[in-house]
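Below, each chain spelled out in residue letters.
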Amino acid sequence: MPSPQLSPEFKLDLRSPGSAKLRRGAAISWLRVFTLLCLDVIALSVGWRLARAIGTQMNSPWTGQDGFLFHLVIVFVGVGVISARGLYAPGDKRRDYLGLVQAITLAVFIILLTAFLYDPNEFVSRSTFLLFWFFSVCFVCLGRFFVDASVMRSRAKGAIRYPVFIITDESREQHCNLVARENRYDILGVADSRCLDRDRRNETLHKLQELGIAEIFVSWEAIKNRMFVCWHFQTAGITVHILPNGAEPVLPKSEMWIIGGQPSLTYTPPAITGTDFWTKRLFDFFASAALILAFSPILITIGLLIRLDSPGPIFFRQVRVGLHGRHFKAWKFRTMVQNAEKLQRELEASNEMKDGVLFKMKHDPRVTKIGGFLRRYSLDELPQLFNVLMGEMSLVGPRPLPVRDVERFSEYHYLRHEVLPGITGLWQVSGRSDITDFEQAIGLDVAYIENWSLWLDLKILFDTVGVVLLKKGAY
């Protein structure tokens, strides 16, 4: 199948928003958190002052008249524990009164322990701390109740509501009713799963942006075979909820939200979209530059060995297919004889890949003596650090394939071109050349794209070191 023609406009990595922007609805979320935070600070401060005034008076730095610094510590610990318990999160979390009681109880215990460790010889008024616990629980819960009542009243009048869009093929009315139960959403439109097809995807995203959509609800049936589509919405700052049907698995990176009384998998973009991707690109640039400097003696030594081993150039530059099908020249140390590409046509019958999309041979006669050693330890890939430095590749991503392989792709295979290719990837740390089924390799690439995170990249990099040293699947 021929490679699809590129659009004349410049296209970015699937995970890149192009420019930093705030998550849709972030202003309302931040205002909610700021309001709750201020109310909690006031509640804890008033609770402590009342407890200190009513409780047993003792000569203690915690309960004395000059205890402003300790006052700040008490408020900081209280707010910190409430935050650590996730009680500033959206949805029902802010109304979790039992969770608030548990958080304040833990905070008071931490403060008591701190007071004892600070000066074991000083007496601490137990009645003051018990009263502080009681007043804090009452005032914090009253503050939350006040905020919740005010928000509900405002939403009933059409304010503080999020514009949303629903994508589903069946049970439209049921799904609309489910979302409407939350009483915080304005449903601005409904569409079927065809709007997520490759030829309609950009049009759909443009429409959602024009409508100012903050969150979308997608049925599991509409998105289950193309979870990578979530990246299109996340880079636009749109939160994705997967409407439950009882069959969806628990997916990495997703959070469990309650929508209309039912659990729903949710993908929330960062407050400033693209920060994780641009962190990856900065890491790629500085890490590749540092590695080139660190490995320069090894690079020079390998170059000399190749020269002594066989006639021909030190480097082999092959045209590979990268981001959105763009061609670039990938650098490698030469590990084969000079006419290796011509000889490949004669060896096609010996291809060990089941479907013939890729070309792999365990005992390839074209490989030179030093080339075999370089391949076993993947040292032939080191020059691709220059490709990373120039922005044509990343340290981690799907491997860029030769034009010969890409010409045999099916439509589904082109998904791997939606992100920057990498020196190593999930495929490489899961078997490398031992994987002889191209569909299995594609499945690993798609899994990487759908579940990508900075932590996954770091894990793959660390796993790569082990795979290379143990020579797993290398030939």
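A. Geometry of the packing of aromatic side chains. The tally for this structure, following the rule as stated, stands at 13 aromatic pairs. Taken together, the ring pairs in this structure connect Trp48, Phe129 and Phe132 into an aromatic cluster.

B. Structural detail: the side chain of arginine 144. Position of arginine 144 among the secondary structure elements: in helix H4 (residues 126-156). A relative accessible area of 2% means that arginine 144 is categorised as buried. Not counting chain neighbours up to four residues away, the residues in contact with arginine 144 comprise Leu36, Asp40, Ile82, Leu87, Tyr88, Arg94, Tyr97 and Leu100.

C. Region of interest: the environment of asparagine 177. If you trace the backbone, asparagine 177 turns up in helix H5 (residues 172-180). Classification of asparagine 177 as partly exposed rests on a relative accessible area of 42%. For the pair asparagine 177 and glycine 260, spaced 83 residues apart in sequence, the C-alpha to C-alpha distance is 8.2 Å.

D. Summary view of the confidence of the model for the protein. The predicted model of the protein averages 82 in pLDDT, with 84% of residues at 70 or higher. Here helix H10 (residues 340-347) stands out as the element of the protein with the lowest mean pLDDT, 68, in contrast to strand E11 (residues 394-396), whose mean of 95 is the highest. The model gives residues 1-10 a pLDDT under 50, and that stretch makes 16 contacts with residues more than four places away or in other chains.

E. The sheet that holds strand E6 (residues 255-259), seen in detail. Strands sit in the order E3-E2-E4-E5-E7-E6 across an open sheet of 6 strands; the sheet is mixed. Each edge of the sheet is formed by a strand with only one pairing partner; in this case those strands are strand E3 (185-191) and E6. Here the average twist between neighbouring strands, direction ignored, is 30 degrees. The sheet contact formed by E6 and strand E7 (residues 262-267) spans 5 bridges and is antiparallel. Paired with isoleucine 258 across the two strands is proline 263, which belongs to E7.

F. Quick peek at the pairing of E3. Summarising the sheet, strand E2 (residues 162-167) and E3 pair through 6 bridges and their orientation is parallel. Each bridged residue has a counterpart across the sheet, and for tyrosine 162 the counterpart in E3 is tyrosine 185. Traced from E2 through H5 to E3, the parallel crossover comes out right-handed.

G. Structural detail: the packing of helix H9 (residues 275-309) against helix H11 (residues 369-376). Between H9 and H11, whose axes approach to 8 Å, the crossing angle comes to 145 degrees. Every residue of H11 that contacts H9 at Ile302, Leu305, Ile306 and Asp309 is listed here: Lys369, Ile370 and Leu374.

H. A look at helix H15 (residues 454-469). Over its 16 residues, H15 runs 23 Å from end to end, which matches the ideal 22 Å to within 8%, given 1.5 Å per residue. Among the structural elements, H9, H11, E11, strand E13 (422-424) and helix H14 (438-450) are those in contact with the buried residues of H15.

I. The environment of methionine 256, seen in detail. On the secondary structure map, methionine 256 appears in strand E6. Along the chain, methionine 256 and tyrosine 267 lie 11 residues apart, while their C-alpha atoms are 9.1 Å from each other. Setting aside anything within four residues of it in sequence, one finds methionine 256 in contact with Pro263, Ser264 and Leu265.

J. Broad picture of the nonpolar core. Grouped together as the largest cluster of nonpolar side chains are 64 residues, with contacts concentrated most on Ile216, Val218, Phe233, Ile238 and Ile449. Counting residues per element, this core draws most heavily on H14, at 7 residues. Setting aside its immediate chain neighbours within four residues, phenylalanine 233 contacts Leu196, Leu205, Leu208, Ile216, Ile238 and Val240. Of all hydrophobic cores here, the second largest spans 27 residues; its members include Ala43, Leu44, Val77 and Val140.

Definitions and cut-offs
Residues numbered from 1 in each chain as written. Predicted model: local features only at pLDDT ≥ 70, side-chain atom pairs only at ≥ 80, totals over all residues. Heavy atoms only, no water. Phe/Tyr/Trp six-rings, centres within 6.5 Å; stacked < 30°, edge-to-face > 60°. Helix = DSSP H or I, 4+ residues; strand = E, 2+ residues; numbered from the N terminus. Buried < 20%, exposed > 50% of the residue type's maximum accessible area, 1.4 Å probe, protein only. Contact = heavy atoms within 4.5 Å. pLDDT = per-residue confidence, 0-100. Pairing = 2+ DSSP bridges. Axes fitted to C-alpha atoms, helices over the stretch in contact; angles between N-to-C directions. Right-handed = clockwise from strand over helix to strand, strands pointing away. Expected span 1.5 Å × (residues − 1). Core = buried A, V, L, I, M, F, W, Y, C linked by side-chain atoms within 4.5 Å.

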